Structure formats: structure tokens, C-alpha cells
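# Close look at the chain arrangement
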Amino acid sequence: MLQGKTVVLGVSGGIAAYKIPNLASMLKKLHANVEVIMTGNACHFITPTTFESLTGNKCLVDTFDRNFQFQVEHVELAKRADLFMIAPATANVIARIAHGLADDMLTTTFLACQAPKLIVPAMNTRMYENPITQDNLRICRKYGMGIIEPAQGYLACGDVGAGKMPEPAELLDHIRQEIGCKKDLTGKRILVTAGPTREAIDPVRYITNHSTGRMGYAIAQAAAWRGAEVTLISGPVELKPPLGVRVVPVTSAREMFEAVIAAAGTQDAIIKAAAVADYRPAVVGTEKIKKSDEEMNISLERTDDILAWLGAHRREGQFLCGFSMETEHVLENSRAKLEKKNVDMIVANSLRMEGAGFGADTNVVTVITRDGIKELEKMPKSQVAHRILDRIFGADEGSRDHERDPVNAGNRERKDC
Ligand code: CTP
């Protein structure tokens, strides 16, 4: 995803600096070129050698007194940067960058850099909440820098509160959001549903299915990274909300139906990856149902078919995509849903296929439209997500050769973004 991108990591002197090698390593795995600049104080917490080993690049440390070459290096690096992140950003560094002070390698390069900038404050709660720091952060925002809010938690100094640096995986998500993808879906509104629904039997029990929500979450994340305005209506899942996505949590099929119809009118595309219950208990016990020695039956009634409702009420030009999970007759059953629910596309998969289905990291899908059928080979759900978006928004011309060419299949994710 980040091939050909240069990410500059500015590391200042806070204890959270020890987490940044992990971020550098994650960025390298995504093929980014990673350049690290440390302040002198950061070297008390971690050594430049650590970064040099991980990135393969020289780690720059504060100095203007060594030689002339170093003095111009900051400008050259500032020009090459696709993104500059300062993490951790101490109160001192924030104050300096807010006011344009450039008295070391990090702040000089930062001031010379015109790429997108992300600041990750990490410090003691009292320092963070101090109005001076807050004013400095406001100034940084005013100049277009992105501020990644610190998490709440137990801090190294023993205090509990705001000031904790978010984990490297979250920082990586912010970088991917910023420079990971071409913003080819800017201006599009996309609604995605994901996960299972739960249909209550009584206050203790419910009926559900094995959906984990991963496919829908991957689509929502990919769409947001490509610049779309994304709403994700999610059943109960264990996944963290994708960055940059508006998440509407729901529990039952009824709640999902209401949330979808409330949002549908303004959407350019709706992708229904959720595994919605087709039936719910006709009567929900208000108290826990006690067992007896008799057999027990639960009477079920139909839920609303949300996708069919959308097919019958779609706004002009709106694209509807459903999913179809089958165990047999995948193509026939899925194609029938295309017609019956009046949608533009069905993404079909078989539970019987290795590498497809609930909870897996990969999927094997067949995309069915009125024009034809396209089988995609096994690939990570993150990549399936991009392929689906490509087909919906007509951006998949370039990828067709790849689909016929498994030898180059591994390059595909990079090609997406
Ligand atoms: N769907 C829906 N509302 C329902 C049931 C399903 O919106 N009450 C949507 C799903 O989100 C999916 C598509 O319809 O996009 C197909 O779902 P699937 O369960 O495969 O098919 P069903 O229509 O439920 O038919 P069957 O269970 O008979 O296969």
C-alpha cells in the first residue's frame, strides 16, 4: 500500500518513543521508505541504531555543528516526504512547531516540509491539559496539521488520564488514511452494513449466526481510505471501528432495517455485507424462560428483507450491492437474488470453499452483475474490498489483466492504492 511513499517519523523525548520502532517496522512491511529524525532528548529513551536497523536508513539526530552537508539534508528530506508524523510529540516540540521555531534537525525539517503533517501528543495529563499546550495544539490545527488525540490511561508517571500515545497500529491507520490510497472516491457517499444481527428470545438468549463483520468492515475501511464518506451500520462484532468511518451500532434486524432506511436516501452506493437474520422469535419473553421437562418450540416470524426494500425504493442512480452466502448452487441461488431483490450486484461466496467464509482473513468471491460473472481468486478481505469498490465505481479496467494473470496477483493490493 505504501510502496514509493516516504514517511518521515519525528521522534521527540518522551517515554512513548520506545513504541515507535514498532511503527517503523509496520511501515516497512507495507513497503514505505521510512526516515527517522530524533531529538537529542529522544536518544535518552531509544537509540538511533534501533531505527537504522529497522529502516535501513540513517537516523538523523539534532545537530548543526557537524558539517555543512547535514545542514542541507533537512531540506532535501523535507522535499521527499509524503507525510511527516511527530510521535511522540512532547509539549516542548508542540510549542516549538506551533511557533515556527526551528532549532534542531526535527523542527527544521518539519518547518521546511510541505507534505501532510500528523502530530501525536504524548505527555503527562496536566501538561496536556495545560491551556498553553491546548493553545499550541489549536495553532497547529489552524495551520493544517492533523492532531491525533491521545488516549486515556495509566501514564508512565503514575497519573491516570489523557496523554497516552495511541498504539502503533492505530498510528499506522492514520498514515494509511492520509497517504495509503488514491482518493478516487472523494465526494461519494457509501453505506455499508456488516456483522450478524441478534434476535432476542428472552432477556438472556438470542438467535444469531457466525458472521464476524470482517468483510463489511474491510469494505468500509477501504472506501474511507479512498476518500468516500462512509456510514457503517454494524451488528454486534468484536472489531474496532474503522478510522474515518461513521459507525452506527445496531443489534436486531429491525434496528438494522430502521438505521438503513434512515440513511439510504442520501447514499450513492449501498453495500449490504451484513448477515441479517431472516427470522426472529414471534414473541420475546420479558422474563427468563425457565426450563421444564417438556419439549420446547420457538415460533419464528419473518424479519424485513432490507435489501429487497432498498431494491424497491432506491433513489435514482443509486448502486445496490448484496452479498450471498451459500453452501450449494452458489451461482444459481445468488443470481436469483439479483433479480428478486432488484439489485445491481451480488457478491457470492460458498461456505464450502477453503479460504472463504466466516472469520477468515481471506475470501473467495464471485461477483455477479447483469453483465456477467467474474470469479476472483482467493485474496485477503482487504483486497476483495477494493475489487468490489472498483467494480461498483467502474475503476476496475486496469485490474482485469491481473485477474487473468495469477502470476502478478501479489502486486494487486499495491496497484489499488
Ligand atoms: N438481507 C437483508 N435482509 C434480510 C436478509 C438478507 O438485507 N432480512 C441481505 C443480506 O445483507 C445480503 C443479501 O440480502 O446482502 C442476501 O442474504 P442471504 O442471507 O444470502 O440471502 P437471503 O435473501 O436471506 O436468502 P436465503 O437465506 O434464502 O439464502
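Residue indices follow the written sequence of each chain, beginning from 1 at its first position. Totals for whole chains, interfaces and linings use every residue, but because this is a predicted model, local features are given only for residues with pLDDT of at least 70 and side-chain atom pairs only at 80 or more, for both listing and counting. With hydrogens and water excluded, all non-hydrogen atoms of the structure serve as input to the side-chain values.

### A few points about the packing of aromatic side chains
Think of it this way: a Phe, Tyr or Trp ring, Trp meaning its six-membered ring, pairs with another when their centres are within 6.5 Å, and the plane angle makes it stacked under 30 degrees, edge-to-face over 60, tilted otherwise. All told, the structure shown has 2 aromatic pairs when counted by the stated rule. Sitting over the ring of Phe110, Lys117 keeps its end group 5.1 Å from the ring centre. We count a charge as sitting over a ring when the NZ of a lysine or the CZ of an arginine lies within 6 Å of the ring centre and within 35 degrees of the ring normal. Across the ring face of Tyr279, the terminal group of Arg302 is positioned such that the distance to the ring centre comes to 5.8 Å.

### Observations concerning the layout of surface pockets
Of the voids in this model, the largest pocket is the one considered here, and its volume is about 970 Å³. The wall of the largest pocket is formed by 40 residues, among which Ala274, Ala275, Val276, Phe323 and Met325 lie closest to the centre. Under the DSSP-based scheme used, a helix requires at least four consecutive residues in state H or I and a strand at least two consecutive residues in state E, with every element numbered from the N terminus. For the lining of the largest pocket, the elements supplying multiple residues, two or more each, are helix 9 (214-225), strand 16 (300-302), helix 11 (306-313), strand 17 (319-326), helix 12 (330-340) and strand 18 (345-350). Three categories are distinguished: nonpolar for Ala, Val, Leu, Ile, Met, Phe, Trp, Tyr, Cys and Pro, charged for Asp, Glu, Lys and Arg, and polar for the others, with Gly belonging to the last. Looking at the lining of the largest pocket, its residues break down into 17 nonpolar, 13 polar and 10 charged. In this analysis a 1.4 Å probe is tested at points of a 1 Å grid over the protein atoms alone, and where it fits but cannot get out there is a cavity; an open set with protein on both sides within 12 Å along at least five of seven lines is a pocket; lining residues have an atom within 4 Å of a point. Grid points are joined across faces, edges and corners, and a volume is the space filled by probe spheres set on the points. Considering only enclosed or pocket space, the second largest pocket measures out at about 600 Å³ in volume. Looking at the second largest pocket, it is lined by 20 residues, and the ones nearest its centre are Arg214, Tyr217, Ala218, Gln221 and Ser382. Elements with a contribution of two residues or more to the lining of the second largest pocket: helix 8 (168-179), helix 9 and helix 13 (381-392).

### Some points on the sheet that holds strand 4 (residues 83-89)
Paired strands, as defined in this entry, are two strands with at least two bridges between them according to DSSP. An order of 3-2-1-4-5-6 is seen for the 6 strands of this open sheet, with the pairing classed as parallel. Edge positions in the sheet fall to strand 3 (60-61) and strand 6 (146-147), since each has one partner strand and no second. For this analysis, residues touch if any pair of their heavy atoms sits within 4.5 Å. Lines fitted to C-alpha atoms define the axes here, with helix axes fitted over just the stretch in contact, and angles between the N-to-C directions of these axes take values from 0 to 180 degrees. Together, strand 1 (6-11), strand 2 (33-38) and strand 4 form the strand contacts of helix 1 (residues 20-29), whose direction differs from that of strand 1 by roughly 180 degrees. Against the sheet, helix 4 (residues 91-98) engages strand 4 and strand 5 (117-121), with an angle of about 140 degrees to strand 4.

### Considering the packing of helix 1 against helix 8
Packed helices, taken two at a time, are described by their axes: the angle between them and the distance between them. Closest axis-to-axis distance for the helix 1/helix 8 pair is 9 Å, and the angle between their directions is 45 degrees. One way to sum up the angle between helix 1 and helix 8 is to call them oblique. Crossing handedness for the pair helix 1 and helix 8: right-handed. Contacts between helix 1 and helix 8 involve Ile20, Asn22, Leu23, Met26 and Leu27 on the former and, on the latter, Pro168, Ala169, Leu171, Leu172 and Ile175. Residues that form the contact of helix 1 with helix 8 fall into these classes: 9 nonpolar, 1 polar and no charged. Just so you know how the angles are binned, under 35 degrees is roughly parallel, over 145 roughly antiparallel, 65 to 115 roughly perpendicular, and the rest oblique. Crossing handedness: left-handed means the near helix sits turned counterclockwise from the far one by under a right angle, and right-handed means the same turn made clockwise.

### With respect to the nonpolar core
The criterion is simple. A nonpolar core is a set of buried Ala, Val, Leu, Ile, Met, Phe, Trp, Tyr and Cys residues joined through side-chain atoms within 4.5 Å. Think of it in three bands: with a 1.4 Å probe and only protein chains considered, a residue is buried below 20% of the maximum accessible area for its type, exposed above 50%, and partly exposed in between. Residues Leu9, Leu27 and Met85 are the most contacted members of the largest nonpolar core, which totals 35 residues. When residues no more than four places from it in sequence are discounted, the contact partners of Leu27 are Leu2, Val7, Leu9, Ala32, Val34, Leu172 and Ile175. Leu185, Ala218, Ala228 and Val245 belong to the second largest nonpolar core, which has 33 residues in total.

### Things to note about the pattern of salt bridges
Definition used for salt bridges: Asp or Glu carboxyl oxygen within 4 Å of a side-chain nitrogen of Lys or Arg. Per the stated rule, a full pass over the model turns up 23 salt bridges. Note that Arg226 and Asp184 form a salt bridge whose closest N and O atoms lie 2.9 Å from each other. With Arg226 in the loop between helix 9 and strand 12 (229-234) and Asp184 in the loop between helix 8 and strand 9 (189-194), the pair connects residues that are 42 residues apart, well separated along the chain. Look at Arg226 and you get buried, because its relative accessible area is 1%. With a closest N to O distance of 2.7 Å, Asp390 and Arg226 form a salt bridge. Residue Asp390 is found in helix 13, and its partner Arg226 is found in the loop between helix 9 and strand 12; the two are separated by 164 residues along the sequence. Taken as a pair, Asp390 and Arg226 share a single burial class, namely buried. The structure contains a network of salt bridges with shared partners spanning Asp184, Arg226, Arg387 and Asp390.

### Description of the site of the ligand
In the vicinity of the ligand, 17 residues are found, and the nearest of them are Lys272, Ala274, Phe323, Lys337 and Lys341. Within the side chain of Thr303, an N or O atom sits 3.5 Å from a nitrogen atom of the ligand. Surface accessibility in these figures is a Shrake-Rupley result with a 1.4 Å probe; residues are shielded only by whichever protein chains are displayed. When the ligand is considered free in solution it has 570 Å² of accessible area, and contact with the protein chains removes 78% of it. Here the ligand is seated within the largest pocket. Distances are taken per atom, and a residue is near a molecule or strand as soon as one of its heavy atoms is within 4 Å of it. Here a polar contact is recorded for every N or O atom pair within 3.5 Å, except that within protein the pair must consist of a potential hydrogen donor and a potential acceptor, and residues adjacent in sequence are included only if both atoms are side-chain atoms. Cavity and pocket membership follows a simple rule, namely that a molecule belongs there if more than half of its atoms are within 2 Å of the grid points.

### A short note on a nonpolar patch on the surface
The patches described consist of residues with a relative accessible area above 30% and no salt bridge, like charges being joined within 9 Å and nonpolar side chains (Val, Leu, Ile, Met, Phe, Trp, Tyr) within 5 Å. On the surface, a nonpolar cluster with roughly 450 Å² of combined accessible area is contributed by Tyr279, Ile289, Met296, Ile298 and Leu300. With respect to the secondary-structure elements, Met296 resides in the loop between strand 15 (279-281) and strand 16. Assessed through its relative accessible area of 51%, Met296 is described here as exposed.

### Overview of the pairing of strand 4
Taken across its 7 residues, strand 4 has 7 buried, putting it largely inside the fold. Alternating positions in strand 4 separate into two faces, Leu83, Met85, Ala87 and Ala89 on one and Phe84, Ile86 and Pro88 on the other, with burial throughout. One ladder, built from 4 bridges, connects strand 4 with strand 5; its direction is parallel. Note on strand 5: the bridge partner recorded for Met85 is Leu118.

### Let's talk about the confidence of the model for the protein chain
One confidence number per residue, pLDDT, is output by the predictor and ranges from 0 to 100. Averaged over every residue, the pLDDT of the protein chain is 91; the share at 70 or more is 92%. Counting contacts from residues 398-415, a segment whose pLDDT is below 50, to residues more than four positions away or on other chains yields 28 contacts.

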